[in-house]
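Remarks on the overall topology
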Amino acid sequence: MDGAGLTDDERRILAGIEHSVRRSDAVLELKLRTMRRRPAPAVQFLKGLRDRRRGVFLCSLVAISAFLLVPAVRTSAPMLVSAFALTWTVTLLYALRMVCRWSRRMPETGSQSQRWE
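Quick notes on the rules
Residues numbered from 1 in each chain as written. Predicted model: local features only at pLDDT ≥ 70, side-chain atom pairs only at ≥ 80, totals over all residues. Heavy atoms only, no water. Phe/Tyr/Trp six-rings, centres within 6.5 Å; stacked < 30°, edge-to-face > 60°. Helix = DSSP H or I, 4+ residues; strand = E, 2+ residues; numbered from the N terminus. Buried < 20%, exposed > 50% of the residue type's maximum accessible area, 1.4 Å probe, protein only. Contact = heavy atoms within 4.5 Å. Salt bridge = Lys/Arg side-chain N within 4 Å of Asp/Glu carboxyl O.

**A look at the packing of aromatic side chains**
In this structure the tally under the stated criterion is two aromatic pairs. Measuring from ring centre to ring centre gives 6.2 Å for Phe-84 and Trp-88, while their planes differ by 15°; the resulting arrangement is stacked. Of this pair, Phe-84 and Trp-88 are both found in helix H4 (residues 78-105), four residues apart, which corresponds to roughly one turn of the helix.

Written out as structure tokens, the structure reads:
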């Protein structure tokens, strides 16, 4: 529609359809009544804390890997090299997981006409 609203007949028909759907499907009615566009502020706060904890955990894994790298290179002890290899592998896998989560959460930019169809 270019700016003209619904006619009275169309509004009446639409209201009748909504009334029959709400009457026939209680689960849908509950979802429609409780639907929010954005998460609650408490949920956003908790997600922010969880993301910070993940970041701190990743930084600590990087620090542990760096701490193990120096003695492993100096002494060439098999235990230190194995410990470094294990922690570095876990660090890289965890960083990859965080990047994948981050990329899924990023909003899409551009209009519909600019996207590949």
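**What to know about the side chain of Thr-87**
Residue placement: Thr-87 occurs in helix H4. Judged by its relative accessible area of 17%, Thr-87 falls in the buried class. Setting aside anything within four residues of it in sequence, one finds Thr-87 in contact with Ile-64, Ser-65 and Leu-68.

**Re unusual backbone geometry**
The phi dihedral of Ser-76 falls on the positive side, at around 55°, and the residue is not glycine. Secondary-structure assignment places Ser-76 in the loop between helix H3 (41-75) and H4. Owing to a relative accessible area of 54%, Ser-76 belongs among the exposed residues under this scheme.

**Things to note about the pattern of salt bridges**
Going through the model one piece at a time under the given rule, you end up with two salt bridges. The salt bridge involving Arg-11 is made with Asp-8; its shortest N-O contact spans 3.5 Å. Of this pair, Arg-11 and Asp-8 both sit in helix H1 (residues 8-24), three residues apart, which is roughly one turn of the helix. Accessibility expressed as a relative area gives 58% for Asp-8, which makes it exposed. Measuring nitrogen to oxygen at the nearest pair gives 2.6 Å for the salt bridge that ties Arg-12 to Asp-9. Of this pair, Arg-12 and Asp-9 both sit in helix H1, three residues apart, roughly one helical turn. For Arg-12, a relative accessible area of 54% puts it in the exposed group. Judged by its relative accessible area of 46%, Asp-9 falls in the partly exposed class.

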